[in-house]
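Understanding the architecture of this molecule
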Amino acid sequence: MQEQARKIVMEYFNSHVDKTDNKQITLDDVYVVWFSKTLQNWKALVSTTVSDGMYYEITHNGDKNETYVDVYKKWENYTVKGE
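Residues numbered from 1 in each chain as written. Predicted model: local features only at pLDDT ≥ 70, side-chain atom pairs only at ≥ 80, totals over all residues. Heavy atoms only, no water.

A few words now on the packing of aromatic side chains. The tally for this structure, following the rule as stated, stands at three aromatic pairs. Relative to Tyr-72, the ring of Tyr-55 has its centre 5.1 Å away and its plane inclined at 20°; by these criteria the two rings are stacked. Residue Tyr-55 is found in strand β3 (residues 54–61), and its partner Tyr-72 is found in strand β4 (residues 66–73); the two are separated by 17 residues along the sequence. (Phe/Tyr/Trp six-rings, centres within 6.5 Å; stacked < 30°, edge-to-face > 60°. Helix = DSSP H or I, 4+ residues; strand = E, 2+ residues; numbered from the N terminus.)

Quick look at helix α1 (residues 2–16) now. If you check α1, its first and last C-alpha atoms are 21 Å apart, about what 15 residues at 1.5 Å a residue would give, namely 21 Å. Among the residues making up α1, those that are buried are Ala-5, Arg-6, Val-9, Met-10, Phe-13 and Asn-14. Projected down its long axis, α1 shows its buried positions confined to an angular sector of 160°, all on one face. Looking at the buried side of α1, the elements it contacts are β1 (30–38), β2 (41–48) and β3. (Expected span 1.5 Å × (residues − 1). Buried < 20%, exposed > 50% of the residue type's maximum accessible area, 1.4 Å probe, protein only. Arc of directions from axis to C-beta. Contact = heavy atoms within 4.5 Å.)

Now the structure itself:
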């Protein structure tokens, strides 16, 4: 499951990267940040070693045997301290 999620991200990146970047990644460049499985369904948050701020949410619906891919761009990271 996690390797499948990593492969989906690798294939997505390699097919969408700007050709002028002359960059292709391998599975070694893709890692799972978070993974959860419940019954026949699973979800993984996946990222790459490429410093482009992108991350990927891979959701598998076991009832329909379908996998959905959401692609996000990280805009900002900041801290909110409690009062």
